[in-house]
Amino acid sequence: MRENNPRPQEEEEEPASGLGPMAFGTLMGTTALYALYIGIPLVFGGPYNISFLTGPVAFVPIAGYLAIAILLAVWPPTSRWGAGLLIGLGIFTLLGGGLCVGYLAQMSSRI
């Protein structure tokens, strides 16, 4: 009889987990960066056989990646995806630095 009063919701829907797009962005971003900077040189026979990822030009793909990740992070519908891409860039930097230091340490012990 009370048509004007809203009924209490019997079943409340749980909010969707936000980890999905963020984790996917992290995984895809890290994989894409490692494929670009490690996979492509290995396919072409080593870093000495390629000329397009040398010098300051090597930072152009990272600048583009960072610009896209920031744009996605500030736009509310894709903010979790963009945050995942930014986390992926951080993981790429930390793991890449560790790999580089490890490689250089092996080289210095051989000399």
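Bear in mind that the values here come from a model prediction, so they are computed numbers and not experimental data.

What follows deals with the overall build of the protein. Helices and strands together make up the secondary structure of the protein, namely 3 helices and 0 strands. Along the chain direction, N to C, the helices and strands of the protein fall in the order α-α-α. For the protein, buried positions account for 20% of its 111 residues. Summing over all exposed atoms, the protein offers an accessible surface of approximately 8,800 Å²; the carbon and sulfur share of this is 68%.

The subject of this paragraph is the environment of Pro 41. Tracing the backbone shows Pro 41 in helix H1 (residues 19-43). The exposure class assigned to Pro 41 is buried, which follows from its relative accessible area of 8%.

For the rest of this paragraph, the subject is a nonpolar patch on the surface. A contiguous nonpolar surface patch, about 320 Å² in accessible area, is contributed by Leu 66, Ile 70, Val 74 and Leu 86. If you tally residues by element for the nonpolar patch, the top one is helix H2 (residues 60-74), at 3 residues. One can find Ile 70 in helix H2. Look at Ile 70 and you get partly exposed, because its relative accessible area is 43%.

Glancing now at the packing of aromatic side chains. According to the stated counting rule, one finds 3 aromatic pairs in the structure shown. Ring geometry for Tyr 34 against Phe 92: centres 4.9 Å apart, planes inclined by 70°, an arrangement best described as edge-to-face. Of the two residues, Tyr 34 sits in helix H1 while Phe 92 sits in helix H3 (residues 79-110), which places them 58 residues apart along the sequence. Residues Tyr 37 and Phe 92 carry aromatic rings whose centres are separated by 5.7 Å and whose planes lie at 35° to one another, so their mutual orientation is tilted. Note that Tyr 37 is positioned in helix H1 and Phe 92 in helix H3, a separation of 55 residues in sequence. There is no split in this pair, since Tyr 37 and Phe 92 are both buried.

This part takes up the side chain of Thr 30. The residue Thr 30 is located in helix H1 in this model. Every residue in contact with Thr 30, bar those within four places of it in the chain, is listed here: Tyr 65, Gly 88 and Ile 91.

What counts and how
Residues numbered from 1 in each chain as written. Predicted model: local features only at pLDDT ≥ 70, side-chain atom pairs only at ≥ 80, totals over all residues. Heavy atoms only, no water. Helix = DSSP H or I, 4+ residues; strand = E, 2+ residues; numbered from the N terminus. Buried < 20%, exposed > 50% of the residue type's maximum accessible area, 1.4 Å probe, protein only. Areas by Shrake-Rupley, 256 points an atom, 1.4 Å probe, with all protein chains shown as cover. Patch = residues over 30% accessible without salt bridge, like charges linked within 9 Å, V, L, I, M, F, W, Y side chains within 5 Å. Salt bridge = Lys/Arg side-chain N within 4 Å of Asp/Glu carboxyl O. Phe/Tyr/Trp six-rings, centres within 6.5 Å; stacked < 30°, edge-to-face > 60°. Contact = heavy atoms within 4.5 Å.

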